[in-house]
Amino acid sequence: MFEEIYSPVQKITFTPFNNLFVKRDDLIDPYISGNKWRKLKYILAKVEKEKKTHLVTFGGAYSNHLLATAAAASRSGLKSTAFVRGEEVKNEMLLLCSLFGMKLVFTDRESYRDKHTLFQQHFANDHQAYFIDEGGASAEAIIGCAELIKELAEPYDHIFCAAGTGTTAAGLLSGIQQNGLNTKLHIIPVLKGASFIKEEITKYTPLSHHLILHLDYHFGGYAKTTPELISFIKTFTAKTGLLLDPVYTSKMFYAIQDLAQQGIISEDESVLAIHTGGLIGLFGMKDKF
Ligand SMILES: *Cc1c(COP(=O)(O)O)cnc(C)c1O
């Protein structure tokens, strides 16, 4: 299941750029999409090596990571359980998780904070259970995300990626460093006040001149949108044929356009945007459109 992927680089027409490319990680899989596939790849290899049979993980009620874990577990013949933050709800994402056989344990916000304690409380005696942190954050995830850089057939002046926890950003930075590239890595955190991302990255790889953090494209915070962002998504999709999600990839493409308008990146430089997937999340926000 983790052997071969389809994630082509496609050129898109989007003014003012002459050389804007998209790495279509959203095409890797409809449910184990984008960076979540890359993050799980080596986690699942470790699970297999350690002969564990039960994935236990954590996330919010709209987490792309939960859906990816549920889908990956069912295809690998593994059980899966998720601690879902907050009171019991029903939605499109959790429906899919349940269909893939994931057991959902709704957990109040207070208890949810201490994930290791939750795991101990429920699974101390289950030697088949394997702890996967929220969003898949781990050293294995870094290796998986770094591989994206090796897949690129040519160098780019700029690579853009949206960030939540920053694990994917750390993997990409590590890939750029390992391959000795001169590329600038522009990270767009979708949370407000996300300077913690630097610390997250340094857990895995040293900061270097490649990394540029853009902290002002969160649109109010995680999963927050504005009419301007929604209108941007509509125009972008109608013009390019690419779907974006309101939480991550739309904020990244908005930033790319805005930085070009400010002259911070020029229309003739080559830019690669990573489409990290997450399109099912669009359905949770249908009322905003
Ligand atoms: C999870 C996710 C991200 C953020 O990844 P991190 O490694 O947590 O920074 C970005 N885009 C999409 C579509 C995601 O689902």
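Residues numbered from 1 in each chain as written. Predicted model: local features only at pLDDT ≥ 70, side-chain atom pairs only at ≥ 80, totals over all residues. Heavy atoms only, no water.

- The name that an unreviewed UniProt entry assigns to the protein is 1-aminocyclopropane-1-carboxylate deaminase, with the source organism given as Pedobacter terrae.
- We quote the UniProt Cofactor (unreviewed entry) comment for the protein here in full: "pyridoxal 5'-phosphate". (UniProt positions renumbered as here; feature names shortened; annotations may be inferred.)

**Side note on the overall build of the protein**
- When helices and strands are tallied, the protein shows ten helices and ten strands.
- In the protein, which comprises 289 residues, the share counted as buried stands at 56%.
- Sequence-distant contacts, at least 24 apart, represent 74% of the contacts inside the protein between residues at least 6 apart.
- Counting every atom, the protein has about 13100 Å² of accessible surface; 51% of that belongs to carbon and sulfur. (Helix = DSSP H or I, 4+ residues; strand = E, 2+ residues; numbered from the N terminus. Buried < 20%, exposed > 50% of the residue type's maximum accessible area, 1.4 Å probe, protein only. Contact = heavy atoms within 4.5 Å. Areas by Shrake-Rupley, 256 points an atom, 1.4 Å probe, with all protein chains shown as cover.)

**Let's talk about the site of the ligand**
- Near the ligand you find 15 residues, and of these Lys36, Asn64, Thr165, Thr168 and Thr276 are the closest.
- At 2.7 Å from an oxygen atom of the ligand is found a side-chain nitrogen or oxygen belonging to Lys36.
- A distance of 2.6 Å is found between an oxygen atom of the ligand and a side-chain nitrogen or oxygen belonging to Thr165.
- Protein contact buries 97% of the 380 Å² of open area that the ligand shows by itself.
- Of all the elements in the fold, those that place two or more residues in the shell around the ligand are helix H1 (35–49), strand S7 (158–163) and helix H7 (167–178).
- Residue contributions to the shell around the ligand peak at three residues, all from H1.
- A breakdown of the residues in the shell around the ligand according to their chemical character gives three nonpolar, ten polar and two charged. (Near = heavy atom within 4 Å. Polar contact = N/O pair within 3.5 Å; in protein donor to acceptor, adjacent residues only side chain to side chain. Nonpolar A, V, L, I, M, F, W, Y, C, P; charged D, E, K, R; others polar.)

**Digging into the sheet that holds strand S4 (residues 79–85)**
- Strand order across the open sheet formed by four strands is S5-S4-S3-S6, with parallel pairing between neighbours. Where the open sheet ends on each side, the last strands, each with one partner, are strand S5 (102–107) and strand S6 (129–131). Across the sheet, the mean angle from the axis of one strand to that of its neighbour is 25 degrees, orientation sign disregarded. (Pairing = 2+ DSSP bridges. Axes fitted to C-alpha atoms, helices over the stretch in contact; angles between N-to-C directions.)

**Focus: unusual backbone geometry**
- A cis amide bond links Thr15 with the next residue in sequence, Pro16, at an omega value of 5 degrees.
- Tracing the chain through its elements places Pro16 in the loop between strand S1 (9–12) and strand S2 (20–23).
- One non-glycine residue, Ala223, lies in positive phi territory at about 65 degrees.
- Here Ala223 is to be found in the loop between strand S9 (211–213) and helix H9 (227–240).

**Section: the UniProt feature "domain: Tryptophan synthase beta chain-like PALP" (unreviewed entry) in the protein**
- When the UniProt feature table is mapped to this numbering, "domain: Tryptophan synthase beta chain-like PALP" (unreviewed entry) covers residues 19–277.
- Summarising residues 19–277: 41% helix, 17% strand, and an end-to-end C-alpha distance of 21 Å.

**Some remarks on the pattern of salt bridges**
- Taken as a whole, this structure holds twelve salt bridges when the rule is applied.
- In this structure, Arg38 and Asp25 form a salt bridge, with 2.6 Å as the shortest nitrogen-oxygen distance. Separated by 13 residues along the polypeptide, Arg38 in helix H1 and Asp25 in the loop between S2 and H1 bring together distant segments of the chain.
- When the shortest N-O distance is used, the salt bridge between Lys115 and Glu134 registers 3.7 Å. Separated by 19 residues along the polypeptide, Lys115 in helix H5 (residues 115–123) and Glu134 in the loop between S6 and helix H6 (139–150) bring together distant segments of the chain.
- Assessed through its relative accessible area of 25%, Glu134 is described here as partly exposed.
- Within this structure, Lys23, Asp25, Arg38 and Glu151 form a network of salt bridges that share partners. (Salt bridge = Lys/Arg side-chain N within 4 Å of Asp/Glu carboxyl O.)

**What to know about the environment of Leu27**
- Note that Leu27 resides in the loop between S2 and H1.
- Leu27 gets classed as partly exposed once you look at its relative accessible area, which sits at 33%.
- Distance from Leu27 to Thr276, taken between C-alpha atoms, is 9.2 Å for residues 249 residues apart in sequence.
- Once you skip the residues sitting within four places of it in the chain, Leu27 turns out to touch Tyr6 and Pro8.

**As for H1**
- If you check H1, its first and last C-alpha atoms are 22 Å apart, about what 15 residues at 1.5 Å a residue would give, namely 21 Å.
- Remark: the principal bend of H1, roughly 30 degrees, maps to Lys41.
- Along H1, the positions that sit buried rather than exposed are Asn35, Lys36, Trp37, Arg38, Lys39, Leu40, Lys41, Ile43, Leu44 and Val47. (Expected span 1.5 Å × (residues − 1). Bend = angle between axes of the 7 residues up to and from the residue.)

**What to know about the environment of Thr183**
- The topology assignment puts Thr183 in the loop between H7 and strand S8 (184–189).
- A residue is classified by how much of its surface remains accessible, and Thr183, at 2% relative accessible area, is buried.
- As for Thr183 and Leu211, which are separated by 28 residues in sequence, their C-alpha atoms are 9.0 Å apart.
- Excluding residues that lie within four positions of it along the chain, Thr183 makes contacts with Tyr156, Asp157, His158, Ile159, Ile176 and His210.
- Side-chain polar atoms of Thr183 contact the backbone oxygen of Tyr156, separated by 2.8 Å.

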